[in-house]
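Coordinates in review
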Amino acid sequence: MQLQKDEYKQFIVAIKSKIQSSQIKASIKVNVELLKLYWDIAEMIVQKQKESAWGDGFIKNISQDLKVEFPNMKGFSVSNIKYMRKWYQFFSKSQQLVDQLENEKSPQSVDEIFQIPWGHNITIITKVKDIEVAKFYLKKTIEGNWSRATLRQQIENQLYIREGKSVTNFKQKLPAIHSDLAIETLKDPYNFDFLTLRAKYDELELEDALMEHMSQFLLELGQGFSFVGRQYKLNVAGDMFKIDLLFYHVKLYCYVVVELKTVDFKPEFAGKLNFYISAVDGELKGERDNPTIGILICKSKNDMVVEYSLKDINKPIGVSEYQLTQVLPDEFKSSLPSIEEIEAEFEGKI
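The structure reproduced in this document is the subject of the present report. For clarity, every value in this text was computed on a predicted model and none was experimentally measured. (Residues numbered from 1 in each chain as written. Predicted model: local features only at pLDDT ≥ 70, side-chain atom pairs only at ≥ 80, totals over all residues. Heavy atoms only, no water.)

Inspection of the secondary structure assignment puts E212 in helix α12 (residues 203-212). Separated by 17 residues in the primary sequence, E212 and L195 have C-alpha atoms spaced 9.2 Å apart. (Helix = DSSP H or I, 4+ residues; strand = E, 2+ residues; numbered from the N terminus.)

So, in structure tokens, the structure goes:
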């Protein structure tokens, strides 16, 4: 028993020494240094539990001792120390990460897990089971500067399995360096569950709802989309055409034409979108802009029909479905006056 107490004393002294040495680091690196400290503490705990017969009970003792020794530091609760251990055990599965951490001279030694806040790390290890999926969300969090709420939402909406799954002809119609990023930009399906529509909604209602929730719509589209206009008018030699939604992608450096369809995909949709893309290339595209791409978002699609439809289309097009589960029964919607009815009533009173 005395040997075990002595062993614990030596162990807790080693942890305290590790914490004290971390406190002299520059404050600008506070998040990185804090997470490196958490990693080191967790590694020490995991190794000690492998070498000894200590159970989880000693984590409570560690928590109490560290709180006494460092009263002004947060993060030493029993639950947080267990999160440290779980975090270390989860990410140490990646041999590449371990190799980077052991090579202190390499600038890559500060891995992506140290570039996001601790709360984000906890979200990932509690909601993701696969290391490759976790790395995907780490990368996306850094690229998009996601809040913890956004990260949680993207995990719950299964972004990992939706990104880059759209049926496209990008590889055939775009340069390789452009097509790969364009493919990654698209999703299938797009998740519109932030909308609530009546059961028999039409395209105009869907478009209206997306405009009312533009911030969530842009989040679902992904990083880089900048809104240009709705029902965007294009004058082609005196003939007027309207594009459902027009965006500019600041990473792809190109216009993006988005067409919405509340019905199943039909081959003629691709032909119409092909024309819109050609018109944007001819009327709007600048010399430095990359070729315009089109995204057709429809209620459902037959992938083989889409592939045949895009095979001989000469403009880059991607076709995706959308997912919408929150709909109101028609009787609820019908009890509400339409905009036209409200305007007519208002005009009648003037």
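So much for the structure itself; the text now carries on.
Take the packing of helix α3 (residues 57-69) against helix α4 (residues 78-91) next. Running from N to C, α3 and α4 cross one another at 115 degrees; their axes reach a closest spacing of 9 Å. Handedness of the crossing formed by α3 with α4: right-handed. When α3 is examined against α4, the residues I59, K60, I62 and S63 are found in contact with a partner set consisting of V78, I81, K82 and R85. (Axes fitted to C-alpha atoms, helices over the stretch in contact; angles between N-to-C directions. Left-handed = near helix turned anticlockwise from the far one by under 90°. Contact = heavy atoms within 4.5 Å.)

This brings us to the nonpolar core. Soluble globular proteins: nonpolar side chains tend toward being buried together. Within the largest apolar cluster, 45 residues are counted, with the highest numbers of intra-cluster contacts made by I62, W87, F91, I124 and Y137. Elements that contribute at least two residues to this core include exactly α1 (2-22), α2 (30-51), α3, α4, α6 (118-127), α7 (131-144) and α8 (148-156). Element by element, the count of residues in this core is highest for α2, at ten residues. Core analysis: the next-biggest nonpolar cluster, separate from the first, contains 31 residues, Y190, L206, V256 and V258 among them. (Core = buried A, V, L, I, M, F, W, Y, C linked by side-chain atoms within 4.5 Å. Buried < 20%, exposed > 50% of the residue type's maximum accessible area, 1.4 Å probe, protein only.)

Glancing now at the pairing of strand β6 (residues 254-264). Along any regular strand, the residues point their side chains to alternate faces of the sheet. Of all eleven residues making up β6, nine are buried, and the element is well covered by its neighbours. Judged from the five bridges that link them, strand β5 (residues 239-249) and β6 form a sheet pairing that is antiparallel. Looking at β6, one finds that L245 is bridged to V258. Taken together, β5 and the strand that follows it, β6, pair antiparallel across an intervening segment of four residues, in which Y253 is found at a positive phi of about 55 degrees. Both β6 and strand β7 (residues 293-300) contribute to a ladder of seven bridges, which runs parallel. (Pairing = 2+ DSSP bridges.)

Moving on: helix α15 (residues 303-311). When α15 is considered as a whole, its buried residues turn out to be V306, S309 and L310. The arc enclosing the buried residues of α15, seen along the axis, measures out at 90 degrees, which places them on a common side. When the buried face of α15 is taken as reference, the exposed residues oriented beyond 90 degrees from it are Y308 and K311. Residues of α15 that are buried sit in contact with β1 (167-168), α14 (267-283) and β8 (317-323). (Arc of directions from axis to C-beta.)

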